[in-house]
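Descriptive structure summary
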Amino acid sequence: MAKLKVTLVRSTIGREKSQIDTVRALKLRKIGSSSVLDDTPQVRGMINKVKHLVSAEEVNE
């Protein structure tokens, strides 16, 4: 299964609670933190919801 590396590049200060919760669900806390997640439709939807706060790239493992 493919993996995605998601990195938080902008702050969640002043954002809606649902966006903050989505960033937390992606296992991101501080700016610059990254997590490697399975490439599923659910994860893609979360990334799409906060695409202005994160960057995502495919990782080959």
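Structure: above.
Criteria and thresholds
Residues numbered from 1 in each chain as written. Predicted model: local features only at pLDDT ≥ 70, side-chain atom pairs only at ≥ 80, totals over all residues. Heavy atoms only, no water. Pairing = 2+ DSSP bridges. Helix = DSSP H or I, 4+ residues; strand = E, 2+ residues; numbered from the N terminus. Axes fitted to C-alpha atoms, helices over the stretch in contact; angles between N-to-C directions. Contact = heavy atoms within 4.5 Å. Salt bridge = Lys/Arg side-chain N within 4 Å of Asp/Glu carboxyl O. Buried < 20%, exposed > 50% of the residue type's maximum accessible area, 1.4 Å probe, protein only. Arc of directions from axis to C-beta.

Here the focus is the sheet that holds strand β2 (residues 34–38). Spatially, β2-β1-β3 is the arrangement adopted by the three strands of the open sheet, whose pairing is antiparallel. At either margin of the open sheet sits one strand with a lone partner, and together these are β2 and β3 (54–59). Averaged over all adjacent pairs, the angle separating strand axes in this sheet is 25°, with direction ignored. Pairing of strand β1 (residues 3–8) with β2 involves five bridges; the strand directions are antiparallel. Counterpart to Thr 7 in the pairing with β2 is Ser 34. Set on the sheet, helix α2 (residues 41–49) makes contact with β1, β2 and β3; between it and β1 the angle comes to about 25°.

This structure, assessed with the given rule, holds four salt bridges. Across the pair Asp 39 and Arg 44 runs a salt bridge whose closest N-O atoms are separated by 2.7 Å. You can call Arg 44 partly exposed: its relative accessible area is 39%. Glu 58 is the partner of Arg 44 in a salt bridge, and the nearest nitrogen-oxygen pair spans 4.0 Å. Note that Arg 44 is positioned in helix α2 and Glu 58 in strand β3, a separation of 14 residues in sequence. Taking the relative accessible area as the measure of exposure, Glu 58 reaches 56% and is therefore exposed.

What follows is about the environment of Asn 60. In this structure, Asn 60 sits in the segment after β3. What makes Asn 60 exposed here is its relative accessible area of 78%. With 36 residues separating them in the primary sequence, Asn 60 and Arg 24 have C-alpha atoms 24 Å apart.

Turning next to helix α1 (residues 17–25). Residue pairs spaced three or four apart in an α-helix point in one direction, given the helix's 3.6 residues per turn. All of the buried residues in α1 are Gln 19, Thr 22 and Val 23. Take α1 and look down its axis: the buried residues cluster within an arc of 100°, on one side only. Against the buried residues of α1 lie β1 and α2. Two residues or fewer after α1 comes Lys 27, characterised by a positive phi angle close to 65°.

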